[in-house]
Amino acid sequence: MEDQLIIAGQAIESRFFLGTGKFASYPLMREAIVVSRAHIVTVALRRVDTQDRRDNILEYIPKECIIMANTSGARNADEAIRIARIARAAGCGNWIKIEVIPDNKYLLPDNAQTIRATEVLAKEGFIVMPYVNPDLADARRLSDAGAATIMPLGAPIGTNKGVCMRELIKILVQEINLPIVVDAGLGRPSHAAEAMELGASAVLVNTAVATAQDPALTAQAFSLAVRAGRIAYRAGVAAPKDNAEPSSPLTGFLR
Amino acid sequence: MKGSFFDELRRFNSFDFYSFLENVRRQDIERALLKEPLGELDFLSLLSRNALEYLEPLAQRAQKSTLANFGRVILLYAPLYLSNYCDNECLYCGFKQANAIQRRKLSLSEVEREAQEVSRGGIRQVLLLTGESKGASPVSYIKECIQAVSRYFTSVGIEVYPLTEGDYVSLIASGADGLTIYQETYDRGLYGRLHPRGPKSDYRFRLDAPQRAAVARMRQVNVGALLGLGEFQKDVFFAGLHGRWLQDNYPEIELGVSLPRLQPQAGGFVCAHPLTDRELVQSLIAMRLFLPRAGITISTRENSALRKNLIGLGVTRMSAGSRTQVGGYALAPAEEGQFEIADTSSVDEVKEMIVQKGHQPVCKDWQVL
């Protein structure tokens, strides 16, 4: 059986999405994209300088990638909407990751404002991927508003703490009929594999790759871990249980 | 109403800094090294003389924190001086009223020529500065200047005399998105002696300016102290507390902190408490660990070699190719600037230096919406 990730009707070739911030240089970023074969890469519009011929980040992204602009820096829905429109006008296409962060201390998203921005932008034809705190009711609202995926955070951005929101993400995977992409907080390839084993459709990583000693090699490790995690999920690898289960059960004689 | 940072400062009115700093023990530093987040007294401990022994492990931690929060990226900006008319008498400043320097105020077309020249070098974030003279550089003039430069830059900050909330609202509407204002020194008595005349002698109005800007919804707010005026430990400590208070009460702002160190200037002011490089590095590291999410700026007051070494220790933002005279970029005036520039490298040279340190120089990090 084919296991193709489809978002907004489009086949996505890799379940490993890569963010492009924090790299030491654009060539290193490009190498990480190429080596990991990431298909969707996010770009912060705040960093896109279309007037700079020498240093335009978009020039370093392989042609076959889908560029998903993000609204980094937006403090509310209105700013996110404006950034999305500017991104489209600047040639970033109509894939948009909505990030609304009114809190610069913890960088946690504002779900209510994100839902509002999603409603507006989905109607304008954007393929909207909202970054949110994992919350079932909000995920349903986003789904109704026309989101193409839901992107719950695994842990706060840049913390490398892994899938801290595990139980809530599991519920989203079970209940929401959209691809769930675990975004933020994944510090190691094993974290990415864990998210995929839970049934996430994809993961998005940035800090852990961009700030690694060898970003390309790290991106490759993440990419492989994502594939392994996905295969494990499909294979039905046994989930951990809270209680011990004897291998010679007491009722085993009732055969 | 969230009160004022002034009330926070009052908590320390009878605090004995001298005895606290002298009594910091090794185990206090070792505990602070493992703690996250740092409490205010942990932060102060890191500014003690005993903490200097731990500078290397502290630096390692500061580097890790900076990397996680900001990545391998340094933002570049340039200052643009609009006018050096000033009604103040700040004893340490090259622009003070009593100094017999050539006074100049740029016309709007000159402002545009300057902006064009700065942007030609690749700079996309500009900081507009003026002396404090409501006659020569009123808010209406600052407003016109913001509008005049906005098509050359993606982000326009202002470093001007403290304004009312309403004035900040109006400057934001004109396209300003960042405010830089330093308290110079948080020591009220010393502040009074250093600013004997002029509107700047109002300590409280200046102290509350970053808060008024945050209320007006300024995106980026930078605070700091001019190190060397008083004992650096106190000023670094209060600048950090000021930053944390703003971040706690106005979490939407992008907080920045600067640690400018007093340099020789016109007027022959003698710096009473000069900081060694080691103490500057100590201050920078302590600030980074206390405020992991704050941007930290180092300007061209510091020389190129030191700036290079500070990359990776907590700095996230640097000025480049700076001129501190009014008209310094395109109009080439003969007079002195506000302070002496120690790093005279061009923007391209600064970029090259950042690349050599394994970081990416970034000129655009925002655009006014």
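The coordinates are above.
Residues numbered from 1 in each chain as written. Chains lettered and ligands numbered in written order. Predicted model: local features only at pLDDT ≥ 70, side-chain atom pairs only at ≥ 80, totals over all residues. Heavy atoms only, no water.

Would you explain the overall build of chain A in this entry?
Within chain A, the secondary structure is distributed over 8 helices and 10 strands. Here the C-alpha atoms of chain A give a radius of gyration of 19 Å, agreeing with the 18 Å that 2.2 N^0.38 yields for 255 residues. Its C-alpha atoms put chain A at 75 × 40 × 40 Å along the principal axes. When each of the 255 residues of chain A is scored for burial, the buried share is 55%. For chain A, the proportion of contacts with a sequence separation of at least 24, taken over those separated by at least 6, is 65%. By element, 50% of the accessible surface of chain A is carried by carbon and sulfur atoms, the whole surface being about 11600 Å². (Helix = DSSP H or I, 4+ residues; strand = E, 2+ residues; numbered from the N terminus. Rg over C-alpha atoms; globule rule 2.2 N^0.38 Å. Buried < 20%, exposed > 50% of the residue type's maximum accessible area, 1.4 Å probe, protein only. Contact = heavy atoms within 4.5 Å. Areas by Shrake-Rupley, 256 points an atom, 1.4 Å probe, with all protein chains shown as cover.)

Sorry if this is basic, but what is going on with the interface of chain A and chain B here?
Interfaces are often sized by the amount of accessible area the parts lose when they come together. Each side of the interface is counted separately: chain A has 32 residues, and chain B has 30 residues. It is Arg-46, Arg-75 and Asn-104 of chain A in chain A that bury the most area against chain B; as a group they hold 26% of the surface buried on that side. The shortest N-O distance in the salt bridge between Asp-248 of chain B and Lys-105 of chain A comes to 2.5 Å. The tally of links between chain A and chain B comes to 22 residue pairs in polar contact (both at pLDDT 80 or more). Looking at the side of chain A that touches chain B, the elements with two or more residues in it are α2 (77–89) and α7 (207–210) of chain A. Tallying contributions element by element places α2 of chain A first for the side of chain A that touches chain B, with 4 residues. (Buried area = accessible area lost by both parts, 1.4 Å probe. Salt bridge = Lys/Arg side-chain N within 4 Å of Asp/Glu carboxyl O. Polar contact = N/O pair within 3.5 Å; in protein donor to acceptor, adjacent residues only side chain to side chain.)

It is not clear to me how the environment of Glu-99 of chain A should be interpreted in this structure. Could you clarify?
All names here are of chain A. One can find Glu-99 in the loop between β6 (95–98) and α3 (111–123). Judged by relative accessible area, Glu-99 falls into the buried class, the value being 8%. A C-alpha to C-alpha distance of 10 Å links Glu-99 and Ile-83, two positions 16 residues apart in sequence.

Hey, could you run me through α3 of chain A in this one?
Because an α-helix packs 3.6 residues into every turn, residues spaced three or four apart end up facing the same way. Residue and element names in this part refer to chain A. The end-to-end C-alpha distance of α3 is 18 Å, a good match for the 18 Å that 13 residues give at a rise of 1.5 Å each. For α3, the full list of buried residues reads Asn-111, Thr-114, Ile-115, Ala-117, Thr-118 and Leu-121. The buried residues of α3 occupy an angular sector of 170 degrees when the element is viewed end-on, so they sit on one face. Of the residues in α3, the exposed ones pointing more than 90 degrees away from the buried face are Ala-112 and Lys-123. (Expected span 1.5 Å × (residues − 1). Arc of directions from axis to C-beta.)

Looking at this structure, how should I read unusual backbone geometry?
If a residue is not glycine, its phi is most likely negative; likewise, a peptide bond is most likely trans. Cis geometry marks the peptide bond from Glu-36 of chain B to Pro-37 of chain B, where omega comes out at 0 degrees. Topologically, Pro-37 of chain B is positioned in the loop between α3 (26–34) and α4 (40–45). One non-glycine residue, Asn-160 of chain A, lies in the positive phi region at around 60 degrees. Relative to the elements of secondary structure, Asn-160 of chain A occurs in the loop between β8 (151–152) and α5 (166–175). With a phi close to 75 degrees, Arg-217 of chain B is a non-glycine residue in the positive phi region. Examined against the element boundaries, Arg-217 of chain B turns out to sit in the loop between α11 (209–215) and β5 (220–224). For Arg-217 of chain B, a relative accessible area of 36% corresponds to the partly exposed category.

Can you walk me through the environment of Gln-183 of chain B in this structure?
Residues and elements named next belong to chain B. Structurally, Gln-183 can be placed in the loop between β4 (176–180) and α9 (188–194). Residue Gln-183 is classed as buried on the basis of its relative accessible area, which comes to 2%. On a C-alpha basis, the gap between Gln-183 and Val-223 in space is 7.3 Å, while along the polypeptide they are 40 residues apart. For Gln-183, the contacting residues outside a window of four places in its chain are Tyr-191, Tyr-203, Arg-206, Leu-207 and Gly-224. Side-chain polar atoms of Gln-183 contact the backbone nitrogen of Leu-207, separated by 3.2 Å.

Can you walk me through the pattern of salt bridges in this structure?
Close approach of charged atoms allows side chains with opposite charge to pair. All names here are of chain A. Summed over the entire model, instances satisfying the criterion amount to 38 salt bridges over all chains. With a closest N to O distance of 2.6 Å, Asp-138 and Arg-141 form a salt bridge. Highlighted residues: Asp-138 and Arg-141, both in helix α4 (residues 136–145), separated by 3 residues, approximately one helical turn. A residue is classified by how much of its surface remains accessible, and Asp-138, at 14% relative accessible area, is buried.

How should the packing of α4 of chain A against α5 of chain A be read in this particular structure?
In a pair of packed helices, the angle between the axes and the distance between the axes together describe the arrangement. Residue and element names in this part refer to chain A. Where α4 meets α5, the axes come as close as 10 Å, and the angle between the chain directions of the two elements is 40 degrees. Put simply, α4 runs oblique to α5. As α4 runs across α5, the sense of the crossing is right-handed. Every residue of α5 that contacts α4 at Leu-136, Ala-139 and Arg-140 is listed here: Ile-171, Leu-172 and Glu-175. Among the residues forming the contact of α4 with α5, the class breakdown is 4 nonpolar, no polar and 2 charged. (Axes fitted to C-alpha atoms, helices over the stretch in contact; angles between N-to-C directions. Parallel < 35°, antiparallel > 145°, perpendicular 65-115°, else oblique. Left-handed = near helix turned anticlockwise from the far one by under 90°. Nonpolar A, V, L, I, M, F, W, Y, C, P; charged D, E, K, R; others polar.)

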